[in-house]
Amino acid sequence: MSPPGRPRTSLSWSTRSGRALIVQGALLALLAVGALALWRNVEGALAARQIRSGFGFITEPAGFDIGEGPVPYTPRDSYLLAFAAGVANTLRVSLLGVVLATLLGTLIGVGRLSRNLLVRAGCTAYVEVLRNIPLIILLFGIYLVLTELLPDAMEPVVLGGAYLSKGGLQVPLPSWDHGWALERPEMGPFGVSGGLSLTPEFLALLLGLTLSTAASIAEIVRSGVLAVPNGQTEAAAALGLTPRQGTRLVLLPQALRIIVPPMTSQFLNLTKNSSLAVAIGYPDVVSIANTAINQNGQALECILVIMAVYLSINLVTALLMNLYGRRVALVER
Amino acid sequence: MHLTRTSLAPLAAVLAAALLPSAALAGKTLDAVKARGEVLCGVNTSAPGFSAVDSKGQWVGLDVDTCRAVAAAVLGDARKVKFVPLNSQQRFAALQAGEIDLLSRNTTWTLTRDASLGIAFTGINYYDGQGFMVPKKLKVDSAKKLANATICVQSGTTSEKNVADYFGAAGVKYKSVVFDTAEAIQAAFFAGRCQALTTDVSDLSGARSKVAKPDEWLILPEVISKEPLGPSVRRGDDEWFQIVRWVGNFLLEAEEAKLTQANVDKQKAESKDPVVQRLLGVSEDTGKLLGLDKEWGYRIVKQVGNYAESFERNLGPGTPLGLPRGPNRLWSQGGLMYAPPIR
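Residues numbered from 1 in each chain as written. Chains lettered and ligands numbered in written order. Predicted model: local features only at pLDDT ≥ 70, side-chain atom pairs only at ≥ 80, totals over all residues.

Engineer: Talk me through the overall build of chain A; I want residue IDs and the actual numbers.
Structural biologist: Each helix and strand in chain A was counted, giving nine helices and eight strands. Compactness check: chain A gives a C-alpha radius of gyration of 26 Å against a globular reference of 20 Å for 333 residues, more than 25% above the reference. On the principal axes, the C-alpha backbone points of chain A span a range of 70 × 65 × 45 Å. Across the 333 residues in chain A, those meeting the buried criterion constitute 36%. The contacts of chain A with a sequence gap of at least 6 include a subset with a gap of at least 24, amounting to 60%. (Helix = DSSP H or I, 4+ residues; strand = E, 2+ residues; numbered from the N terminus. Rg over C-alpha atoms; globule rule 2.2 N^0.38 Å. Buried ≥ 20, exposed ≤ 12 C-beta atoms within 10 Å, placed from the backbone. Contact = placed C-beta atoms within 7 Å.)

Engineer: So, helix α9 (residues 299-328) of chain A: which residues are in play, and what are the values?
Structural biologist: With 30 residues, α9 of chain A should reach 44 Å at 1.5 Å per residue; the first-to-last C-alpha distance of 43 Å fits that figure. Of the residues making up α9 of chain A, those classed as buried are A299, E301, C302, I303, V305, I306, V309, Y310 and I313 of chain A. (Expected span 1.5 Å × (residues − 1).)

Engineer: A description of the packing of helix α2 (residues 79-111) of chain A against helix α8 (residues 285-296) of chain A should follow, citing residues and the corresponding values.
Structural biologist: All names here are of chain A. Put simply, α2 and α8 touch, their axes get as near as 7 Å, and they point 155° apart. In terms of axis orientation, α2 runs roughly antiparallel to α8. Here Y79, A82, F83, A85, G86, V87 and T90 of α2 lie close against α8, whose contacting residues are V285, S287, I288, A289 and A292. Residues belonging to the contact of α2 with α8 are distributed by class as follows: nine nonpolar, three polar and no charged. (Axes fitted to C-alpha atoms, helices over the stretch in contact; angles between N-to-C directions. Parallel < 35°, antiparallel > 145°, perpendicular 65-115°, else oblique. Nonpolar A, V, L, I, M, F, W, Y, C, P; charged D, E, K, R; others polar.)

Engineer: Can you tell me about the interface of chain A and chain B, naming the residues and giving the values?
Structural biologist: Listed per partner, the contact involves 48 residues of chain A and 45 residues of chain B. The set of elements that each furnish at least two residues to the side of chain A that touches chain B consists of α1 (15-48), α4 (135-149), α5 (200-227), α7 (243-273), α8 and α9 of chain A. In terms of residue count, α8 of chain A provides more of the side of chain A that touches chain B than any other element does, seven residues in total. Of the residues that constitute the side of chain A that touches chain B, the class distribution is 21 nonpolar, 18 polar and nine charged.

Engineer: How would you summarise the nonpolar core if you had to cite specific residues and measurements?
Structural biologist: Ranked by size, the top nonpolar core spans 164 residues in total, and within it L205 of chain A together with C41, V70, A73 and I300 of chain B carry the most contacts. Both domains that furnish three or more residues to this core are identified here as domain 1 (5-127 + 229-333) and domain 2 (130-225) of chain B. Contact partners of C41 of chain B, with chain neighbours within four places excluded, come to C67, V81, F83, V84, I100, D101, L102 and S104 of chain B. (Core = buried A, V, L, I, M, F, W, Y, C linked by C-beta atoms within 7 Å. Domains from an automatic or database assignment.)

Engineer: Talk me through the domain arrangement of chain B; I want residue IDs and the actual numbers.
Structural biologist: All names here are of chain B. Taken domain by domain, chain B comprises domain 1 (5-127 + 229-333) and domain 2 (130-225). Placing a centre on the C-alpha atoms of domain 1 and another on those of domain 2 gives a separation of 29 Å. Residue-level contacts link 17 residues of domain 1 with 16 residues of domain 2. Here the side of domain 1 that touches domain 2 is built from residues that sort into seven nonpolar, 10 polar and no charged.

Shown next, in the form of C-alpha cells:
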C-alpha cells in the first residue's frame, strides 16, 4: 500500500497525495468490512458446529499441571494464570537467550576478524555449521544428548556444589533466611532437589536458541564492523588515539548504528523460535495454549492469545531497540 | 510466527473449520463417504493394540477394527479406509474441520468433550483406567510412594488432569514433564527423564510391549480414573452418528450371538435362530433403517470379526500386550459390555 510519489505525503494536501489518502482510506474501510464479515462467519460457523466459543473459560480452573516456571501456579488456578505461567516461561528463556546469544555472537563475530588463523577458522566453522542446521533438529539433538547420555537422576555428576543428571542441573542458590545462606541441592528419594533447578527441557531450549542465534548475530557484528571504512581507523590513529580508544570511540559507534536494526530482527526471531519449546516438552506459552486447547477445545481463542502474546513481546522489543538505535544513530550536524 | 508442524495442524484445522461457509456443514457424511469410496478414519499415531502399523505396513488394532467395520457396513469392503494418524492435540480439530469422518483413537468420553467440542461419542469400545509405570529398579510398588517424583505425561489428555487431581487430593507434590506426542513422551520416559509414566493402563502395556526388555518395567496396581474409550463423530449428522453407534453395537451383538469370521457363512446359510437371522439380514432388513443394505452386519463379521475376535487379535493374552478381558467382557460374562439389541 505504498502511496505513489514520495513517502510521508500524508501531511501535504497536493492533489496527488490527496488521491493517495482517499485510496488508502477506501482500502482501510474495505479491510474493516472484510474483517467484520470474517468474524461474523467465524461466529456463525462455530455456533452451527455447536463448538463453545468466547473467553469465558479464562477464569475457570485449568486443572493441568505446569512442570516448571517462576509463576506459583497449581492445577486449581485459572487458565489466565496458566497462560501467565506460560508467558513467564517464554520470557525467561527468551531474555536469557537474547543476552547469551548477543555475548556469544559478538565474540564469534569479532573472532572471525581476528588476525589469529586458528581463532578465525574456528569462528568461521562455528558460523557455517550452526547457521545451516535447522533449529528444530538442533533442539532434538541437544535434548537427546541431555536425556540419553547424562547419568540417571539418582547418580548425578557433582561439579562443585552443582549436580548434573537426567533430572537437569541443580546449583546452590543464595537465599534469605535470617541472614544470607546458600541453599544447597540435596539428594532426595527421586534425585536431587533444592537450590536453583534447571530442567533438561529448559537447558536444551536455551542452549539451542543461543547457539543458533549466535551464529546469525556473529555475521551481523562482522558485517557491521567491516562496513566502517578503513580510513576511519587510520584517521583515529592519525589523531593519536590508541587502538583501544580508536575502537571504542570511532569504530564501535559507527558499527553499532549498522548493527542495531538487523540485531533487532534476531532478537524477535529468537523470541518467536522459543515456540519450538513444544517439541521438547518445555512449558512455554504455545505449549500451555496447546494443552488448554485440548482441555477446553477453544482453539480459536487460545491461538488468539498466543498471537497477542508474541505481538506484545515483539512490539516492546522493537520499541526498545528502536530507542537504542536512535541513540547510536549518526547525528548529522 | 514460527510454529512446529504439530502445533500448526490444529491451527490450520480450526481456521478451516471457522472459515468454511456454515452451509457446508449440512452435507451428509454418508453420501460423502459413498461418493469418495473411502472412510476417513482418525486413529492414534502409535498405540499398539489400538492403532499401529504392523510389520507388513497394515494398520491393525481395536480402534482400527472399528474403522474397518464401518467401512465394511457402509462401503461393503473393510479395506476401504483411509487412516489419518493424529496426535492427542490434533484429534478434535481434525474431526471438527471435517478432515475425518470419524475419530477412533482411544479417546476418553467426558462431559466437556461431548458437550462443548461440537462432537458426539457414539459408544464405548474399551473400558480403561489410568495407571502408572515405573522402572523396576526404582523399587517403588505403589503410586502413593511417588511424592516429589518426576512424571511424564502427554499433553491434551484426560491423564494430565487426572494426575493433577490424584496428587492434589493427596496433597502430594510432583514434577510433570509434558510432551505433545505419545512417541516423544515414551522416548523421554524410557530414556530415564522421568521416574514414572502415566496414561491409560492399556497404553502403558502397549508402550511396554515395544521396548527391548519389557520385564524391567512395572505397571503399578493403582488405577486412578475411569477412562471409557470410544469413537466419536461430528455433530449435526444424526444419520452418520447412528451408523457408527450401531456398528459398534453390532460387534458386541455378534459376539453375544457367537457369530465369528469362521462360522458366519455357515450360520447365514443354515441357522434357524431368529437372532442370528436378524443380525445377518436373512429375515429382517435392519440396514434399511440406517440407510444401509441388508447385509451390513454380515459383512462386518465376515471381514472384521466380532468384538471378542478383535480383542483377542489385538490386545488379548496371545498378543505382546497380554491384557485380560477384565471389564471388557460381555455383560453376560460379568463384564460391562452391553449393547442394546439389534432389532
